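Inside the fold
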Amino acid sequence: MNYPATGDPANGDPANGDRTPSDQALARMRKYVDKYREKSGTSAHTDAYVTEGVVMGPAAHIDEFGRPLCPCNFYADKTAELAASRRWVCACDEMKRFKYCHCLLFVTAVGLPVTEYLPDDHEGRQIYGVVTDPTPDKGREARHQVDPD
Ligand code: SF4
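My aim in this report is to walk through the structure given alongside it, one point at a time.

The rules behind each value
- Residues numbered from 1 in each chain as written.
- Predicted model: local features only at pLDDT ≥ 70, side-chain atom pairs only at ≥ 80, totals over all residues.
- Axes fitted to C-alpha atoms, helices over the stretch in contact; angles between N-to-C directions.
- Helix = DSSP H or I, 4+ residues; strand = E, 2+ residues; numbered from the N terminus.
- Parallel < 35°, antiparallel > 145°, perpendicular 65-115°, else oblique.
- Left-handed = near helix turned anticlockwise from the far one by under 90°.
- Contact = placed C-beta atoms within 7 Å.
- Core = buried A, V, L, I, M, F, W, Y, C linked by C-beta atoms within 7 Å.
- Buried ≥ 20, exposed ≤ 12 C-beta atoms within 10 Å, placed from the backbone.

Some thoughts on the packing of helix H1 (residues 23-40) against helix H2 (residues 48-65)
- One way to put it is that H1 packs onto H2 with a least axis distance of 8 Å and a crossing angle of 125°. Classified by the angle their axes make, H1 and H2 are oblique. Judged by the twist between their axes, the crossing of H1 over H2 is right-handed. Residues Ala25, Leu26, Arg28, Met29, Arg30 and Val33 of H1 touch H2, and the partners they reach there are Val55, Pro58, Ala59, Ile62 and Asp63.

Dropping the structure here:
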């Protein structure tokens, strides 16, 4: 699996075309984040600035494209990316398969992304080491795509 380069999760990436979202899109995204944290058994980052910064990105993408495209990747063409796949629409495939959020929107209570399910060579493992999942009974709705039977 190839992973796109990541940008600054707290600020989005201005070079990537991020812009200030509408209040409506921001409210929609915040509501989604709250619900998905509950569903996946994850928490907010301990630094509220991280959530506030990150959530602006997918909210801006809702305004621009109608879908909350992940803000922490570089896309050569966002329209083409969304036409080709939903893999980086929040919650992305990595989150649904591995419970790993590289933007730090969905993390453990101490603010770390879950990495225990990632492949050994994934950048998340190299950056954070093994971070175990405190709520293994929740989330990973696409685990069947990566776990052996
Ligand atoms: S769950 Fe995936 S799409 Fe959503 S913010 Fe995290 S890394 Fe980005």
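Having seen the structure, we can now continue with the description.
What about the environment of asparagine 73?
- Relative to the helices and strands, asparagine 73 resides in the loop between H2 and helix H3 (78-84).
- In this structure, the C-alpha to C-alpha distance between asparagine 73 and histidine 102, residues 29 residues apart in sequence, is 9.5 Å.

Section: the nonpolar core
- With 28 residues, the main nonpolar core has Val55, Ala59, Cys70, Cys101, Cys103 and Leu105 as its most contacted residues.
- Of all elements in the fold, only H1, H2 and helix H4 (93-98) reach the threshold of two or more residues within this core.
- Take this core: its biggest share by element is 6 residues, from H2.
- In this structure valine 55 touches Leu26, Met29, Arg30, Val33 and Leu105, once residues within four positions along its chain are discounted.

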